[in-house]
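Summary of the model geometry
Each chain is listed here by its residues.
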Amino acid sequence: MSNAVEEFNAYRSKMNDKILADNNKIIKRIFNLDTNAFTAGALDVKTKELLGLVASTVLRCDDCVKYHLESCYKEGLTKEEVMETLSIATLIGGTIVIPHLRRAYEYWETLETTQG
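1. Brief notes about the packing of aromatic side chains
- Summed over all chains, the structure comprises 2 aromatic pairs.
- Seen in terms of ring centroids, Phe-8 and Tyr-107 are 6.2 Å apart; in terms of plane orientation they differ by 75 degrees. Their pairing is edge-to-face. Of this pair, Phe-8 sits in helix H1 (residues 4–21) while Tyr-107 sits in helix H6 (residues 98–114), and the two are 99 residues apart along the sequence. Grouping residues by exposure puts Phe-8 and Tyr-107 together as buried.
- Between Tyr-73 and Trp-108, the ring centres sit 5.4 Å apart and the planes meet at 75 degrees, which makes this aromatic pair edge-to-face.

What follows is the structure, encoded as structure tokens:
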């Protein structure tokens with residue numbers, strides 16, 4: 001069975017490299033802003049990642065949800081913290097978010113079993 005986490009990260013990396021190789025100033029600035037926004041500041045990195053997870057879930061961006069789930073996992077957040085965050089996202093986003101909640105839950109389990 002293939003590793004969904006490795007596949008996601010390999011594809012993301014490959015495509016980011018291709019996009020950035022085009023040397024588009026606006027795209028490069030957006031990528032840089034995104035990277036810098038999630039560094040520690042008045043809010044710590046864990047809090048920022050949880051905020052990113054909520055926003056990504058409400059916006060129904062599965063790739064973004066996966067990215068923030070992995071970042072949360074690497075930051076040492078617990079399953080309980082992440083699931084509580086996803087419950088708030090589902091409350092705010094409404095029932096249309098439930099399919100994304102399912103995929104998020106499944107991806108978190110994959111992180112626990114493959115990255116552990």
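Alright, that's what it looks like, and here's the rest.
2. So, empty space enclosed by the protein
- Enumeration according to the criterion identifies 1 cavity of 30 Å³ or more in this entry.
- Approximately 40 Å³ is the volume attributed to the largest cavity.
- Lining of the largest cavity is provided by Asp-62, Val-65, Lys-66, Leu-69, His-100, Arg-103, Ala-104 and Tyr-107.
- Going through the elements one at a time, helix H4 (62–74) and H6 are the ones with two or more residues in the lining of the largest cavity.
- Class assignment for the residues of the lining of the largest cavity results in 4 nonpolar, 1 polar and 3 charged.

3. Section: helix H5 (residues 79–93)
- Its 15 residues give H5 an end-to-end C-alpha distance of 20 Å, which sits within 8% of 21 Å, the value for a rise of 1.5 Å per residue.
- When H5 is considered as a whole, its buried residues turn out to be Val-82, Met-83, Thr-85, Leu-86, Ala-89 and Thr-90. With its buried residues spanning 160 degrees around the axis, H5 presents them on a single face. What points out from H5, more than 90 degrees from its buried face, is the exposed set Glu-80, Glu-84, Leu-91 and Ile-92.
- One or two positions beyond H5, positive phi appears at Gly-94, with a value near 90 degrees.

4. A look at the packing of H4 against H6
- Where H4 meets H6, the axes come as close as 10 Å, and the angle between the chain directions of the two elements is 35 degrees. Seen from above, H4 lies across H6 with right-handed handedness. Each of Asp-62, Val-65, Lys-66, Leu-69, Glu-70, Cys-72 and Tyr-73 in H4 lies in contact with H6, whose residues at this interface are His-100, Arg-103, Ala-104, Tyr-107, Trp-108, Leu-111 and Glu-112.
- Its residues assigned to classes, the contact of H4 with H6 comprises 8 nonpolar, 1 polar and 5 charged.

Rules used throughout
- Residues numbered from 1 in each chain as written.
- Predicted model: local features only at pLDDT ≥ 70, side-chain atom pairs only at ≥ 80, totals over all residues.
- Heavy atoms only, no water.
- Phe/Tyr/Trp six-rings, centres within 6.5 Å; stacked < 30°, edge-to-face > 60°.
- Helix = DSSP H or I, 4+ residues; strand = E, 2+ residues; numbered from the N terminus.
- Buried < 20%, exposed > 50% of the residue type's maximum accessible area, 1.4 Å probe, protein only.
- 1 Å grid on protein atoms, 1.4 Å probe; cavity = no way out; pocket = protein on both sides within 12 Å on 5 of 7 lines; lining within 4 Å.
- Points joined across faces, edges and corners; volume = space filled by probe spheres on them.
- Nonpolar A, V, L, I, M, F, W, Y, C, P; charged D, E, K, R; others polar.
- Expected span 1.5 Å × (residues − 1).
- Arc of directions from axis to C-beta.
- Axes fitted to C-alpha atoms, helices over the stretch in contact; angles between N-to-C directions.
- Left-handed = near helix turned anticlockwise from the far one by under 90°.
- Contact = heavy atoms within 4.5 Å.

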